[in-house]
Amino acid sequence: MSDLTDLLIKLIPVFPLLAVLVNGLLGSRYSHDLAHRLAWGSVGLSFLCTVGVFTDVMRTGVSHEVIVYQWIFGGDLAINLAYLVDPLTCAWLLVVTGVGFLIHVYSVGYMHGEAGFTRFFTYMNLFMVSMLLLVMGNNYVVLFIGWEGVGLCSYLLIGYYYDKVSAAKAASKAFVVNRIGDAGFLVAIFLVFINFKTLDYTKVFAQVGQLSPDMATAIALCLLVGAIGKSAQLPLHTWLPDAMEGPTPVSALIHAATMVTAGVYMIVRNHAIFDLSPFAMSMVAFVGGGTALFAATIGLVQTDIKRVLAYSTVSQLGYMFLGCGIGAYTASVFHVMTHAFFKALLFLSAGSVIHALSGEQDIRKMGGLSNRIPWTHRLFLIGTIAIAGLPPLAGFWSKDEIMAHAFTHHHYLLYGMAAVGALMTSFYMFRLTYLTFYGASRMDAHTAEHVHESPMVMVVPLLVLAFLSIVGGLILGFPPEHGWLHGFLGPVVGGGAEHEAGTGMVILLMCIAIVIALLGWGLAHFLYAVSPMTAEGWAERFSGAYRVLLNKYYVDELYDLLFVEPLKRLGAMLDWFDRTIIDGIVRGVGRLTDWGASGSTWMEKHIVYAGLNVIGYGNHLAAREGRKIQSGMVHHYAAIIVAGLFLLVLIVQLFAQM
Amino acid sequence: MTGFPWLTVLVVLPLAGAIAVFAANERSIKVTALAVAVANLLISLPLWWLFDASSGEMQFVESARWIPSLSINYRLGLDGISLPLVLMTTVLMPLCILISWHSIEIRMRSFMAMLLIMESAMIGVFTALDFVLFYVFWEAMLIPMYLLIGIWGGPNRLYAAIKFLLYTLAGSVLLLVAILVLYFQGGQTFDILQLSQGTYSHSLQFWLFLAFFAAFAVKVPMFPFHTWLPDAHVEAPTAGSVILASVLLKMGTYGFLRFSLPMLPDASQAFTPVMVVLSIVAIIYGAYMALAQSDLKKLIAYSSVSHMGFVTLGLFMFNIQGIEGAVMQMVNHGITTGGLFLCVGMIYERTHSRQIADNTGLTKPMPRYATFLVIFSLSSLGLPGTNSFVGEFMILAGAFLWSKIATAFALLGIILAAAYLLWMVQRVAFGVPDPHILPKLRDVNLREMITVVPLVVLIFVIGIFPNPILTRMHPSVEKVIARVFPPAAEHASVIPRMTPFTPSVERITAPTGPMFSQETKTASEGRP
């Protein structure tokens, strides 16, 4: 049984990899139908393997470590391509392959008729391979390979519409900003290596106790830098909203459900190191709490349907970080899973709206779509309720668990930040729903004519995701703190309920959470359904604050001013320095030699030639003429070189004998 | 070994090929040259399997007396360090010939002959075991390269060619001085292996290191001796650029590894802080410079300065990771930067411009070309799964053992590499092409495919299976490290750590005092 599981583990990334190779090399030779069948079929097979592995791990509770081959071996640096599948990895594997499969199927409809159809699926499959390596690796380097791999695919897919300049810029920005985080991650890897002489998780965590508190803090903070980059947390969050230039299924898969949660995975995986450093933990918590609040405020005023969802993703990732920072690892993983369901649902429904409106993304030009595209409307509403945090839908359970943990562990400031963020989340999501689906239509006539419900191939995956968004929370995490997921992950993240709060307290906190969510809904209802004028009035009265939010606190402009422009100027300055100073010195030395050669020519003419009275003038003339093309000097150079050579040998000999 | 003179054949065959090219009739020039280069590649391939990976000794050694009165011998050999470099050279040469198929308009005969003479000299440099023989090959490379730039180069070719020649010649002269001094100090021999076993006084090592440094640092090129490189690259024809970047630059780092480290271990240690600082300056400076360029060739030339900074950084770490990473990176840079120059050559053939601004939006009209460009760029910026990641990761791991601050600066180079390469890709591959150039933009043809596909394959094969190269390298690299840190003096597995930066200045200036006193002793001992 164990052998079979090992085999299944090895097979999980193989299917998408094969699809990448076949579609990537031969994709242009055959029809789109074969290409997409290969693509989603391979992910489907991976999902089946995952289910097989998962049931085995769940039944036996045994983690599997499988070595594929030795990759790098140099000195005491030995790195294998090897997998570790434990309950934590299983949780991510299910989300990645399961949600990934649904999004692949959806993409068949969404990308229909696009020019780069096969290219799209090749990149998507490559993403799956990378993401699987990321969560399955048994050491830091395999994690890093996957880490960079998903970054690459993100880059390629954001830049999918390559003839759009904005897409190309967004792609480069995503990669370069991520690289800043990656540099931090690399430092963390090297720190682990010099402290433990190994990079395998099991060996590192087994001797993690030897780590000095300072070193633990250093490693944890460097890891955090990496996580911040990948999960778009403050202050490296700016790439994610721009990443919405990619096709919508990409936004759903990479920039909502899977890749951006890699930072959370990394922190949970390394919780043994984080646990040693209270300072690093509080950094994680405050980065998360700060981002949750910060991104939510921006989400309040954005007008692009995908950008609202993007900021909401940044904000929700903040909740996950917050959870990690206060030690609620299971709750964070729980939120990763429910978020994957409802955010994928929201993005794909948004894609369905955009599809219906022939590419329109501005919510100011939507409205009244609820009866034109009824299925999409219902699905989007389910997603909205789930993220707003109303029971019994999925988002309520996971978000409430993080917030309750914060409160019962006396992180009141963090709880406050999370609560305000939750109010805003509920508000901006219902605002989005109202502006998109209710009220009078603000579409132009041409778009309105073409509004149509999406095909079944797109709606069915949405139905599955909607189902998961409704019951996922109950299945995974009910009752709170004692759900199935807690038991499953317990052996990995440890903990459990060491700080039991009273049932009354739990119920009270739940009630508060529900009130917050309803308040947000009510406010949105009032502003966008009952009295639309009030919203505009508020925007005018607080026009300063409104503009700051609309421009995302001018962070991009600030970074341009602080980093991008000085970088370019420094480049230009160094370019001048290189050409004028360094090369100037080189040319100066050249000129000196030239003078020396002229001098020797003069000497030759007036002393040697005259003295010996040789008829060498013709020769000299030729040399002077030849000098115009520089090569006439060569015999002089040669003479100087030989003379200098003997001099130098002499000098060094003398020195050596002294 | 097997008795077959593998290395002599590898050195002589291209030379004979050059003669054959001169003798061939007009129509068969290119085919002859290509056949010779491919034959050389095929002959070199078995060495990979015949090579005994468990041994750090020279293999396939051939020896013959040359000038007995001065004990100069013809000796060739191959170890784990030179093997990958020789193979890289033989793989690249057919590609260089193929990419020049149509782009060379004048004197095709001489051009092909020069390429083949280059190949002889380059393989000679990597395999020579006699210092005089080495120097002959070393200088022999200059002339064909000078002519490649000076005859077949761009508008400013004469300036670039002279600059290249004089610059490298100046360094070579000092190398010759060092060789002669070593001959007299090391027991009247030019045998490289024997010289690598000798011990030399500290002061002698100090001066010899400087002389070696002059020759090798110019070739690498290390900051601030790099300004010949952009000029030479911009003016050189594509094949010239590829040879220059892929093989010639490696001569410098190979020299450091083959001569400076084992022959002058104490000086190498003493100079480490200088070398590290220069390497890191090169990494960051080269990256910034690349960011500022609007000419594709200049951009890649400066990226070479940056990448070679990683190699010199790794070499002077004196640990397995650093040195093996450095050798890996020498090979990787050859493959990847060679590929990038091939890409620039292809686009120049079409639009007759190397300016980024003139070549935009190439993905739509030339999808295959864009794919190759992106793959080479990603390899160049060290993406995991490609070859460069392995080398850079090992170098950085090795550097981290030595100094965390140094590594932090080097990491800045990695971020900048992503910035300048992706910015280049963004401008060249993405966007919409200028309608004027659109008719010229036909996609990569079969001949061009053949020139780049082998490199792409190597990028991934080395990236995914680096171990076969590493295992062949281990014993040879361990031997070098054992020279710098004799095993007896080594404390357990701890890699000797040097105090970075501030005290380092003392380390270099300090020898002047004790060095001279010490040297009197050693020198008097050494005298016959």
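Residues numbered from 1 in each chain as written. Chains lettered and ligands numbered in written order. Predicted model: local features only at pLDDT ≥ 70, side-chain atom pairs only at ≥ 80, totals over all residues. Heavy atoms only, no water.

## Here we look at a nonpolar patch on the surface
(1) Moving on: A cluster of nonpolar residues, A:Val14, A:Leu17, A:Leu18, A:Leu21, A:Val22, A:Leu25 and A:Leu26, forms a patch on the protein surface that exposes about 580 Å² of accessible area.
(2) Moving on: Residue classification places A:Leu26 among the partly exposed residues on the basis of a relative accessible area of 39%. (Patch = residues over 30% accessible without salt bridge, like charges linked within 9 Å, V, L, I, M, F, W, Y side chains within 5 Å. Areas by Shrake-Rupley, 256 points an atom, 1.4 Å probe, with all protein chains shown as cover. Salt bridge = Lys/Arg side-chain N within 4 Å of Asp/Glu carboxyl O. Buried < 20%, exposed > 50% of the residue type's maximum accessible area, 1.4 Å probe, protein only.)

## Things to note about the packing of helix H6 (residues 157–185) of chain B against helix H8 (residues 202–219) of chain B
Helix-helix packing is characterised by the crossing angle of the two axes and by the distance between the axes.
Residues and elements named next belong to chain B.
(1) Moving on: H8 packs onto H6 with a crossing angle of 150° between their chain directions and a minimal axis gap of 8 Å. Considered as vectors, H6 and H8 are oriented roughly antiparallel to each other. The element H6 and its partner H8 pack so that their crossing is left-handed. Contacts between H6 and H8 involve Tyr167, Thr168, Gly171, Ser172, Leu174, Leu175, Ala178, Val181, Leu182 and Gln185 from the first element and Leu204, Leu208, Ala211, Phe212, Ala214, Ala215, Phe216, Val218 and Lys219 from the second.
(2) Moving on: Residue composition of the contact of H6 with H8, by class: 14 nonpolar, four polar and one charged. (Axes fitted to C-alpha atoms, helices over the stretch in contact; angles between N-to-C directions. Helix = DSSP H or I, 4+ residues; strand = E, 2+ residues; numbered from the N terminus. Parallel < 35°, antiparallel > 145°, perpendicular 65-115°, else oblique. Left-handed = near helix turned anticlockwise from the far one by under 90°. Contact = heavy atoms within 4.5 Å. Nonpolar A, V, L, I, M, F, W, Y, C, P; charged D, E, K, R; others polar.)

## Thoughts on the packing of helix H14 (residues 278–299) of chain A against helix H15 (residues 305–325) of chain A
Residues and elements named next belong to chain A.
(1) Moving on: Running from amino to carboxyl end, H14 crosses H15 at an angle of 160°, the nearest separation of the two axes being 7 Å. Between H14 and H15, the angle is such that the two are roughly antiparallel. The two elements H14 and H15 meet at a crossing, and its hand is left-handed. Residue-level inspection shows Met281, Val284, Ala285, Gly288, Gly289, Thr291, Ala292, Ala295, Ala296, Ile298 and Gly299 of H14 in contact with H15, the latter providing Val308, Tyr311, Val314, Ser315, Gly318, Tyr319, Phe321, Leu322, Cys324 and Gly325.
(2) Moving on: Considered class by class, the residues forming the contact of H14 with H15 number 14 nonpolar, seven polar and no charged.

## Notes on the interface of chain A and chain B
(1) Moving on: Each partner contributes to the interface: chain A provides 62 residues, whereas chain B provides 74 residues.
(2) Moving on: Overall, the association of chain A and chain B removes approximately 6100 Å² of surface from exposure, summing both partners, and the carbon and sulfur fraction of that is 75%.
(3) Moving on: Its largest share of buried area at the contact with chain B, chain A owes to A:Tyr162, A:Arg179 and A:Phe190, together 12% of the area lost on that side.
(4) Moving on: Here chain A and chain B share one salt bridge between them. (Buried area = accessible area lost by both parts, 1.4 Å probe.)

## Description of the pairing of strand S1 (residues 59–67) of chain B
(1) Moving on: As defined by bridge partners, S1(B) adjoins strand S2 (residues 72–78) of chain B across six bridges and the pair is classed as antiparallel. Bridge pairing in S2(B) links B:Gln59 to B:Leu78. (Pairing = 2+ DSSP bridges.)

## Regarding the pairing of strand S1 (residues 64–74) of chain A
All names here are of chain A.
(1) Moving on: Here nine bridges tie S1 to strand S2 (residues 77–85), and the two strands are oriented antiparallel to one another. Across the sheet, residue Ile72 finds its bridge partner in S2, namely Ile79.
(2) Moving on: In this structure, the hairpin formed by S1 and S2 is closed by a connection of two residues, where Gly75 is found at a positive phi of approximately 65°.

## Quick word on the packing of aromatic side chains
Residue and element names in this part refer to chain A.
(1) Moving on: This structure, assessed with the given rule, holds 54 aromatic pairs over all chains.
(2) Moving on: Ring centres of Tyr201 and Phe205 lie 5.9 Å apart, and the angle between their planes is 5°; on these two criteria the pair is classed as stacked. Of this pair, Tyr201 and Phe205 both sit in helix H8 (residues 201–206), four residues apart, roughly one helical turn.
(3) Moving on: Given a relative accessible area of 1%, Tyr201 falls into the buried group. (Phe/Tyr/Trp six-rings, centres within 6.5 Å; stacked < 30°, edge-to-face > 60°.)

## Let's talk about the environment of B:Arg75
Residue and element names in this part refer to chain B.
(1) Moving on: Mapping Arg75 onto the fold places it in strand S2.
(2) Moving on: Between the C-alpha atom of Arg75 and that of Leu7, which follows or precedes it by 68 residues, the distance is 9.8 Å.
(3) Moving on: Residues within four places of Arg75 in sequence aside, it is in contact with Val61, Glu62, Ser63, Thr127, Ala128, Leu129, Asp130, Leu133 and Asp191.

## Considering the nonpolar core
(1) Moving on: Counting 411 residues, the largest nonpolar core has A:Trp92, A:Leu199, B:Phe131, B:Trp138, B:Phe212 and B:Phe393 as its most contacted members.
(2) Moving on: Not counting the four nearest positions on each side in its chain, A:Leu199 is found in contact with A:Leu77, A:Ile79, A:Asn138, A:Asn139, A:Tyr140, A:Val141, A:Ile189, A:Val192, A:Phe193, A:Val204 and B:Phe393.
(3) Moving on: A:Ala285, A:Tyr319, A:Ile326 and A:Ala328 belong to the second largest nonpolar core, which has 19 residues in total. (Core = buried A, V, L, I, M, F, W, Y, C linked by side-chain atoms within 4.5 Å.)

## Details of the pattern of salt bridges
(1) Moving on: Tallying each qualifying case throughout the model produces 16 salt bridges over all chains.
(2) Moving on: One salt bridge connects B:Glu57 with B:Lys479, and the closest N-O pair in it is separated by 3.7 Å. Of this pair, B:Glu57 sits in the loop between helix H2 (29–50) and S1 while B:Lys479 sits in helix H18 (residues 467–484), placing them 422 residues apart in sequence.
(3) Moving on: Taken together, the salt bridges that share partners define one network made up of A:Lys173, A:Asp242 and A:Arg307.

## Section: the environment of B:Cys96
(1) Moving on: Relative to the elements of secondary structure, B:Cys96 occurs in helix H3 (residues 82–99).
(2) Moving on: The sequence separation of B:Cys96 and B:Thr238 amounts to 142 residues, and the corresponding C-alpha distance is 7.8 Å.

## Some points on the environment of B:Leu416
All names here are of chain B.
(1) Moving on: Here Leu416 is to be found in helix H16 (residues 404–428).
(2) Moving on: A relative accessible area of 5% places Leu416 in the buried class.
(3) Moving on: Once the C-alpha coordinates of Leu416 and Leu381 are considered, the two residues, 35 residues apart in sequence, prove to be 8.9 Å apart.

## Let's talk about the side chain of B:Asp79
Residue and element names in this part refer to chain B.
(1) Moving on: Tracing the backbone shows Asp79 in the loop between S2 and H3.
(2) Moving on: Polar side-chain contacts of Asp79 include one of 2.8 Å to the side chain of Arg258.
(3) Moving on: Discounting residues that sit within four places of it in the chain, Asp79 has contacts with Phe51, Gly56, Glu57, Met58, Arg258 and Ser476. (Polar contact = N/O pair within 3.5 Å; in protein donor to acceptor, adjacent residues only side chain to side chain.)

## What about helix H12 (residues 296–315) of chain B?
Residues and elements named next belong to chain B.
(1) Moving on: Relative to the 28 Å expected for 20 residues at 1.5 Å per residue, H12 spans 29 Å between its end C-alpha atoms, a close match to the ideal helical length.
(2) Moving on: The element H12 is largely enclosed, with a buried count of 19 among its 20 residues.
(3) Moving on: For H12, the capping residue at the N-terminal end is Asp295, with a side-chain oxygen 2.8 Å from the backbone nitrogen of Lys297. (Expected span 1.5 Å × (residues − 1).)

## Regarding unusual backbone geometry
As a rule of thumb, non-glycine residues mostly have phi less than zero, and peptide bonds are mostly trans rather than cis.
(1) Moving on: In this chain, A:Pro391 is followed by A:Pro392 through a cis amide linkage whose omega measures 5°.
(2) Moving on: For A:Pro392, the location among the structural elements is in the loop between helix H17 (374–388) and helix H18 (394–408).
(3) Moving on: Across the junction of B:Val220 and B:Pro221, the peptide omega takes the value -15°, indicating a cis bond.
(4) Moving on: Among the secondary structure elements, B:Pro221 is positioned in the loop between H8 and helix H9 (228–235).
(5) Moving on: You will see that A:Ala232, though not glycine, has its phi angle at about 55°, which is positive.

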